[in-house]
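# Observations on the model geometry
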Amino acid sequence: MGVGGAVRGASWRLKGTPEPEMVALNYNAGRLGSPAGGLVGGDKIRPPMSGCKLPVGTCPDMCPAAERAQREKERRLHRFEVAPGCRGDRPRADPQRAVKEYRRPAAGKARPPPSQLRPPSVLLATVRYLAGEVAERADASSAEVASFVADRLRAVRLDLALQDAGDAEAAGVLEAALAVLLAVVARLGPDAVRGPADPVLLQAQVQEGFGSLRRCYAQGAGPHPREAVFQGLFLLYNLGSVEALHEVLQLPAALRSCPALRRALAVDSAFREGNTARLFRLLRILPYLQSCAVQCHIGRARREALARLARALSTPKGQTLPLGFMVHLLALDGPEEARDLCQAHGLPLDGQERVVFLRGRYTEKGLPPAGTCSVLVASKLGGRTLEEVVMAEEEDEGVARRKSPA
């Protein structure tokens, strides 16, 4: 079997995603964000009792004044929220920087009053601030940024769930929040000091975000201009999952025919078939947010491709393959990353330009190397800011709109 057969053969070994935590107010976050709840449910909030109407938030700030004062007193301000030039052991909160933190509602405790809830317009402004000012900070590690942003976005989703918001407004907030979360999680480099950023918890929060948004789509009349994009992101984030594919295939045909969703289905198909050449050709042309969503699967896809090459090409005396071919096939960031990938799997090198496939040398230890993914992810910002990507109203290609019921 030649190189082409090795690249196309075999199926992908799939691993399920860890179960997210149980979230307050009957938030049941399952493995996949689904509008239906249950096995693959996302955030699910218990409906109000009969005759009880949800309030509308009236807080004009990203963080209510009462919370700012309390956290100042308890010294629980994050350094991102401290007023500039404020030094000493009693830092003060900057109303333009402080963002409401997530607080799990206590059982039996009354719902917060409208003055403690931010309306959709303020929630959207909060997400915009997190994307434009916090996610782009150069004086903080990616782990610190991801931990802070994920917590504040979780509070955004909770505020939205506790009030009466229109479908279009809610979808806009949830879309922007999910886009920011996908981006900051994707920026957690393989060698970054994780610090407070727990990858499993972050993954759970991404799934919660998908659950909230997809239920908003299912329950609302629409239209939602970016629905096809975010349904595609859901499939890409859960690449190879039978449950995710089933959920997407239940969507209306008009939605599934949108370019963004067709592209996501094509990537999923190539991933399942083990067609590495086609998979990485598709990954090269994915837009930035889609690339962020699929990044967590790239390391395993490369490992599976390398394993197939080893099975096809390994001989007792060894066959060599140019590292340049590996760089092109697997969309690596350069020869150095190709060398690191081969050596991490026990494959020796012939000089600096070729890898040797010797029988019995290929090994798999631990998780597959994640790589930096500059070619497949970071380079696709194309000079735009994260805020510009997040707040984009529609894909350039256009998206189909779900028809409102007559």
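In this text the structure is predicted, and so the values were computed from the model without any measurement.

Conventions we followed
Residues numbered from 1 in each chain as written. Predicted model: local features only at pLDDT ≥ 70, side-chain atom pairs only at ≥ 80, totals over all residues. Heavy atoms only, no water. Pairing = 2+ DSSP bridges. Helix = DSSP H or I, 4+ residues; strand = E, 2+ residues; numbered from the N terminus. Contact = heavy atoms within 4.5 Å. Axes fitted to C-alpha atoms, helices over the stretch in contact; angles between N-to-C directions. Expected span 1.5 Å × (residues − 1). Buried < 20%, exposed > 50% of the residue type's maximum accessible area, 1.4 Å probe, protein only. Polar contact = N/O pair within 3.5 Å; in protein donor to acceptor, adjacent residues only side chain to side chain. Disulfide = S-S within 2.5 Å.

## Focus: the sheet that holds strand β4 (residues 349-350)
Spatially, the 3 strands line up as an open sheet ordered β3-β5-β4, and their pairing is antiparallel. Looking at the sheet topology across the chains shown, the edges are occupied by β3 (319-322) and β4. Note that β3 and strand β5 (residues 354-357) share 4 bridges and pair antiparallel. What sits directly across from Thr320, in β5, is Val356. Across the sheet, helix α13 (residues 298-313) is in contact with β3 and β5; its angle to β5 comes to roughly 60°.

## Side note on helix α6 (residues 199-219)
Given a rise of 1.5 Å per residue, 21 residues ought to cover 30 Å, and the 30 Å separating the end C-alpha atoms of α6 matches this to within 8%. Burial of α6 is extensive: 16 of the 21 residues sit out of reach of the surface. Its side-chain oxygen 3.0 Å from the backbone nitrogen of Val200, Asp198 forms the N-cap of α6.

## What to know about helix α15 (residues 335-344)
Of all the residues in α15, the buried ones are Glu337, Ala338, Arg339, Leu341 and Cys342. On its buried face, α15 is in contact with α13, α14 (323-329), β4 and β5.

## Describing the state of the cysteines
In the structure shown here, the tally under the stated rule is 0 disulfides. Summary of cysteine pairing: Cys373 is not part of a disulfide, and the nearest cysteine sulfur, belonging to Cys292, is at 10.0 Å.

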